[in-house]
Amino acid sequence: MLTFSCQLYGNEFETASNQAKYCPDCRKKQEIPPKIACQRKLQQIILCMYREKLKSYAESHGLSVNKLFLTALQEYRTNHKEDNSNG
Ligand SMILES: [Zn+2]
């Protein structure tokens, strides 16, 4: 038997399988807590919204969405450089 901690509520449980995410209780219920379900939905909505925006923005600049994303990522990294100096 191996001990895992439930990814939903963190309570420890034992199981014979070598990979488990949820305790038997949670698996029985097979329900996702409203908070998580809500976050997932929100994530999807945001992704959808941004995808459309990104797409039209990219097209107006003659870029592919992927290229635009990489450019944005690079810019973000440049603007949020980690400060490694120790003074
Ligand atoms: Zn659980």
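Now for a description of the structure that goes with this document.

### So, the overall build of the protein chain
Consideration 1: What the protein chain contains, in helices and strands, is three helices and two strands.
Consideration 2: Reading the helices (α) and strands (β) of the protein chain from amino to carboxyl end gives β-β-α-α-α.
Consideration 3: Here the protein chain holds 87 residues, and 1% of them are scored as buried.

### Topic: the pairing of strand 1 (residues 2-5)
Consideration 1: With four bridges joining them, strand 1 and strand 2 (residues 12-15) adopt antiparallel strand pairing. Looking across to strand 2, one finds that Phe4 is bridged to Phe13.
Consideration 2: Once strand 1 ends, the chain turns through six residues before running back antiparallel as strand 2, passing Gly10 with a positive phi of about 80 degrees.

### Points about helix 3 (residues 65-79)
Spacing of three or four residues puts side chains on the same side of an α-helix, whose turn is 3.6 residues.
Consideration 1: For helix 3, with 15 residues, the first-to-last C-alpha span of 21 Å sits near the 21 Å given by 1.5 Å per residue.
Consideration 2: With zero of 15 residues buried, helix 3 is to be regarded as a mostly surface element.

### Examining the packing of helix 2 (residues 34-60) against helix 3
Consideration 1: In contact at an axis separation of 9 Å, helix 2 and helix 3 are set at 100 degrees when each is read in the N-to-C sense. Judged by the angle between their axes, helix 2 and helix 3 are roughly perpendicular. Residues Leu54, Lys55, Tyr57 and Ala58 of helix 2 form the contact with helix 3, whose participating residues are Val65, Leu68 and Phe69.
Consideration 2: Its residues placed into classes, the contact of helix 2 with helix 3 shows six nonpolar, no polar and one charged.

### Quick look at helix 2
Consideration 1: Taking 1.5 Å of rise per residue, the 27 residues of helix 2 would be expected to cover 39 Å, and the 39 Å separating its terminal C-alpha atoms lies within 8% of that figure.
Consideration 2: Little of helix 2 sits inside the fold, with zero of its 27 residues counted as buried.
Consideration 3: Of the residues flanking the end of helix 2, it is Gly62, one or two places downstream, whose phi is positive at about 65 degrees.

### Some points on the environment of Ala58
Consideration 1: With respect to the helices and strands, Ala58 occurs in helix 2.
Consideration 2: Along the backbone, Ala58 and Phe69 are eleven residues apart, and their C-alpha atoms lie at a distance of 9.0 Å.
Consideration 3: Those residues in contact with Ala58, other than ones at most four positions away along the chain, are Leu63, Ser64, Val65 and Leu68.

### Observations concerning the environment of Asp25
Consideration 1: By the secondary structure assignment, Asp25 is in helix 1 (residues 24-29).
Consideration 2: The sequence separation of Asp25 and Phe13 amounts to twelve residues, and the corresponding C-alpha distance is 9.7 Å.

The rules behind each value
Residues numbered from 1 in each chain as written. Predicted model: local features only at pLDDT ≥ 70, side-chain atom pairs only at ≥ 80, totals over all residues. Helix = DSSP H or I, 4+ residues; strand = E, 2+ residues; numbered from the N terminus. Buried ≥ 20, exposed ≤ 12 C-beta atoms within 10 Å, placed from the backbone. Pairing = 2+ DSSP bridges. Expected span 1.5 Å × (residues − 1). Axes fitted to C-alpha atoms, helices over the stretch in contact; angles between N-to-C directions. Parallel < 35°, antiparallel > 145°, perpendicular 65-115°, else oblique. Contact = placed C-beta atoms within 7 Å. Nonpolar A, V, L, I, M, F, W, Y, C, P; charged D, E, K, R; others polar.

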